[in-house]
Amino acid sequence: MPLSFAKKPSLVAYVTCGDPDLATTRDIILAAIRAGAAVIELGVPFSDPLADGPVIQRASERALRHHTSLEDVIALAREIRRQSDVGLIIFSYLNPLVRMGLGKFAAAAKEAGVDGVLATDLPVEEAEEYLAEMRKHGLATIFLAAPTSTDTRLKLIARASTGFVYVVSRTGVTGERQQMPQDAKSVVQRLRKYTKLPIAVGFGISTAEHTAAVSQYADAAVVGSAIVHTIERNPGKEAESVAKFINQLLAVGP
Amino acid sequence: MATASVAKSRNSKKPGRFGVYGGRYVPETLMAALEELERAYEKAKKDRKFQQRLQHLLRTYVGRPTPLTFAGRLTQKLGGAKIYLKREDLLHTGAHKINNCIGQALLVERMGKTRVIAETGAGQHGVATATVCALFGFECVVYMGTEDMRRQELNVFRMRLLGAEVRGVDSGSKTLKDAINEAMRDWVTNVRTTHYLLGSVLGAHPYPTMVRDFHKIIGQEAKAQLRKAEGKLPTAIIACVGGGSNSIGIFHEFIKDKKVQLIGVEAGGRGEKLGEHAARFRGGSPGVLQGTHSYVLQDDHGQIALTHSVSAGLDYPSIGPEHAWLHDINRAEYVPASDAEALAATSLLARTEGIIPALESAHAVAEAIKRAPKMRKSEILLVNVSGRGDKDIGIMRENLKLDGK
C-alpha cells in the first residue's frame, strides 16, 4: 500500500526492532497499528548510532545484546505485512545496508512488503547507487531535511525523495523535548516550494499538543524516542503501554 | 564475503574521494556545516596571508621544522639499513597532532565560530586542541572514552589545566570510536556556533583532505633533510596508523616517488581474533563509519567490532579513506605490530637512542626492528616518531619488566 497520511493528525511511529526482543516488537507494532499509527518505522539497531540521543542508544544496545540483524528486521516486516496494510519503512544507518549489499537488501525488503527506506547518514549527494537500487525494486526513498539545509539542498532533497520527506524539527539528536521548536514550521514552508510530497516532522515530538501543532502545517508527526522510552519503562506490558500512549498522542485534534 | 559497496563508480576525481573511498556520510543537519568548512578551507588554502600566519605559528609556536635524527646506535645494533627518525615527538604538546590543530584553529577564527569540540583517544589530539583553544581564546570541550581517560590520565589533567572541559564517554568500548560518536552528537546539536576539530584523516569530506594537508609538511621536511644528509630518497618509510594522520603526513610527499616503499603499521593488539586488535587490513572490509567510506572492522551484519590496542591512539575500527585507497592500489603496504612488539620497541629505542616514543609510534619502530636487519647497509629506513612517550609512562611501568640496569 502506498504511504498515506489521510488522517489528521497522522502518526509515524518508530520502534527499535529487537528491543526488548523481536516477538515483543511485533506485538508493539500491531498494537500501534490498532491504535491508529499510519506508518511504522522499523528501526535497525546499530552499534554506533551517532544521530541518536540516549533513549534510542539504550534501545539499540538492548537489541544488539541478542544480535538483532537487518535480516531479522526484514523478516519482522514480512510478518507484519501478512497482518496489516500499514505503511512500512526501514529506518537504518547506512552500514548494515551496505554490508548486506544495497541490491540484495532492496530485493529482500520489497519482497517482504516494505514500502520505503530511510538511511540516517546518507545525504542526497552520496545516494546515486542507493537511489538506483531502491528505485529498481520500487522502494520509496525518504530523505531527511534539516533546519540547517539551504534552499539549494532542500531542492536536491525534494528531487531525490519519494513517499514522503522527513523534516528534522531542530538541530540535534533524537529525543523527547518539552517544547516544539520553531524551526520546523519554517523548514516545512521552505520545502513546500519544491515538493508536493507529504511532509512528516520528527525529533522531539512526545505529546498530544506537539502532534496537534505539527498537524497544523505538516502531514504527519514522527514519534520515536517517546515510544521507545514507553517501551523501556513498561517491561512486560510494552504493547498495551504503547497503544495507550499512541491513543493519547492522537486524542487532541486540531 | 561479498564486496560491500556504496560507490562503485570510479569517481576518484570528485573532491573528497580516494578511489571509491571517502565521501560524506553524515546526517543532513551537518551537511551545511561541512559545505561551509570546505569553502572556508578552499579559500584559506589560496590565501597568502593565511598561509603566512600558519607558517609563522608553525615556526614560532609549534616548533617546526622538527629534526631528522640519524639513529646510529639502533642502526648498528640491527646491522642493516640506516635508520633515520623524523622527530615529531619534539613538537609542542608532544606529538604531530598540533600541526592540524593550529591550521583548523585559524579556520575557526575565519569562520567566526567561538566554540570548539574534539574527540581524543590517547589524549594527544585533545591536548593539542585544548592548547590552540587557549592560544586563540575559544571555548573547548573534549570527548574522551572513560577507558582512555583511565589509561591516559596525565593527558586528561593537561587538558583541564589548559582550560578545556573533558567529557567522559561511557558507551561502547569507551574508547576513541565512542568519543567520536559523542562529539558528532554535540556537533549536530550546536552546529551553528561550534566547530568540530577532528583530529585525524577520518570523517566526512573535507576532513581527510584538510587534515592531511596540515600534516604533509612532515614528509616535505623529511625529504629535504634526507636529501641534505644522504643525497637520496629513503628505501622505505614506516609510520604507525590509527586514523592515519601522521602516516599520511609523512607519506604524502613521497607518493609520487614510486620507488619509495610506504609502510603503515596497524595495532596488532594481543591476537588475530576480531576484537583483539585494530588491524583494519587484517579482517576489516569496506563499510561506512562516522562519515566516511573505508575499511572497517565489523561483523557479518555490519555492526562495528570492538578493538583492542595497548596504545589508545591506534585503537579504532576504521582507517582514513586515503589509506584504504593506497592499500587497494598497492602503493602502500600495511602490517600489524603486536602490543608486545611495540613495548619491546619502546625499550630498545629508549636504550639505544635515548628517545622514549609514544606507544603509537613504537609500533612503527617495531616494524623497523623487523625490517632493518634484512636490508642492505646502503639502504635507508625513515621512521616517523609521531609522539613522545611521557603520556604512556603508566602503561609502560605496568607492562615493562625492567632488569634493574
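Residues numbered from 1 in each chain as written. Chains lettered and ligands numbered in written order. Predicted model: local features only at pLDDT ≥ 70, side-chain atom pairs only at ≥ 80, totals over all residues. Heavy atoms only, no water.

Caption draft 1: Main features of the overall build of chain B. Summing up its helical and strand segments, chain B has 15 helices and 14 strands in all. Relative to the globule expectation of 22 Å for 405 residues, the C-alpha radius of gyration of chain B, 20 Å, shows essentially globular dimensions. By principal-axis analysis of the C-alpha atoms, chain B measures approximately 55 × 50 × 45 Å. Here chain B holds 405 residues, and 66% of them are scored as buried. Nonlocal contacts in chain B, meaning residues at least 24 apart in sequence, comprise 74% of its contacts between residues at least 6 apart. (Helix = DSSP H or I, 4+ residues; strand = E, 2+ residues; numbered from the N terminus. Rg over C-alpha atoms; globule rule 2.2 N^0.38 Å. Buried < 20%, exposed > 50% of the residue type's maximum accessible area, 1.4 Å probe, protein only. Contact = heavy atoms within 4.5 Å.)

Caption draft 2: Quick look at the packing of aromatic side chains. Applying the stated rule across the entire model yields 15 aromatic pairs over all chains. When the centroid spacing of 6.2 Å and the interplanar angle of 85° are considered together, the rings of A:Tyr166 and A:Phe203 count as edge-to-face. Of this pair, A:Tyr166 sits in strand E7 (residues 165–168) while A:Phe203 sits in the loop between strand E8 (199–202) and helix H9 (208–217); the two residues are 37 residues apart in sequence, bridging distant segments of the chain. With a centroid separation of 5.2 Å and an interplanar angle of 50°, the aromatic rings of B:Phe70 and B:Tyr84 are classed as tilted. In this pair, B:Phe70 is assigned in strand E3 (residues 68–70) and B:Tyr84 in strand E4 (residues 82–87), connecting sequence segments 14 residues apart. Residue B:Phe70 is classed as partly exposed on the basis of its relative accessible area, which comes to 35%. What links up through ring pairs into an aromatic cluster is the set A:Tyr14, A:Phe91, A:Tyr166 and A:Phe203. Between the NZ or CZ atom of B:Lys82 and the centre of the ring of B:Phe70, over which it lies, the distance is 5.4 Å. Sitting over the face of the ring of B:Phe254, B:Lys223 holds its NZ or CZ atom 5.3 Å from the ring centroid. (Phe/Tyr/Trp six-rings, centres within 6.5 Å; stacked < 30°, edge-to-face > 60°. Lys NZ or Arg CZ within 6 Å of the ring centre and 35° of its normal.)

Caption draft 3: Representation of the sheet that holds strand E1 (residues 17–18) of chain B in the model. All names here are of chain B. In spatial order, the strands read E1-E2-E12-E11; together these four strands make up an open sheet with antiparallel pairing. One side of each edge strand has no neighbouring strand; the edge strands of this open sheet are E1 and strand E11 (285–289). Bridge analysis of E11 against strand E12 (residues 291–296) gives five bridges, and the strand direction is antiparallel. Residue Pro-286 lies in a different strand from E12, and its bridge partner there is Tyr-295. (Pairing = 2+ DSSP bridges.)

Caption draft 4: Looking closely at the side chain of B:Lys391. Relative to the assigned elements, B:Lys391 resides in the loop between strand E14 (380–385) and helix H15 (393–399). Here the side chain of B:Lys391 touches B:Glu360 through a polar contact of 2.7 Å, side chain to side chain. (Polar contact = N/O pair within 3.5 Å; in protein donor to acceptor, adjacent residues only side chain to side chain.)

Caption draft 5: Spatial organisation of unusual backbone geometry. Here A:Asp19 and A:Pro20 are connected by a cis peptide whose omega angle stands at 0°. Within the secondary structure layout, A:Pro20 lies in the loop between strand E1 (11–16) and helix H1 (22–35). With an omega of -5°, the peptide bond between B:Arg64 and B:Pro65 qualifies as cis. With respect to the helices and strands, the residue B:Pro65 is situated in the loop between helix H2 (48–62) and E3.

Caption draft 6: Region of interest: the interface of chain B and chain A. Contacts between the two partners involve 41 residues from chain B and, on the opposite side, 41 residues from chain A. Contact between chain B and chain A buries roughly 3,400 Å² in total, counting both sides, with carbon and sulfur atoms accounting for 48%. It is B:Glu28, B:Arg185 and B:Gln303 that lose the most area in chain B upon contact with chain A, and together they represent 20% of the buried surface on that side. With a closest N to O distance of 2.8 Å, A:Arg153 and B:Glu28 form a salt bridge. At the boundary of chain B with chain A, the tally comes to 23 residue pairs in polar contact (both at pLDDT 80 or more). Among the elements of the structure, strand E2 (21–25), helix H1 (31–46), helix H8 (176–190) and E11 of chain B are those that each provide at least two residues to the side of chain B that touches chain A. (Buried area = accessible area lost by both parts, 1.4 Å probe. Salt bridge = Lys/Arg side-chain N within 4 Å of Asp/Glu carboxyl O.)

Caption draft 7: Summary view of the packing of helix H5 (residues 102–112) of chain A against helix H6 (residues 128–136) of chain A. All names here are of chain A. Between H5 and H6, the least distance of the axes is 9 Å, while the angle of their chain directions is 30°. When the axis of H5 is compared with that of H6, the two are roughly parallel. The handedness of the crossing between H5 and H6 is right-handed. Facing H5, whose interface residues are Leu-102, Gly-103, Phe-105 and Ala-106, H6 presents Glu-129, Tyr-130, Glu-133 and Met-134. In terms of residue class, the contact of H5 with H6 is made up of five nonpolar, one polar and two charged. (Axes fitted to C-alpha atoms, helices over the stretch in contact; angles between N-to-C directions. Parallel < 35°, antiparallel > 145°, perpendicular 65-115°, else oblique. Left-handed = near helix turned anticlockwise from the far one by under 90°. Nonpolar A, V, L, I, M, F, W, Y, C, P; charged D, E, K, R; others polar.)

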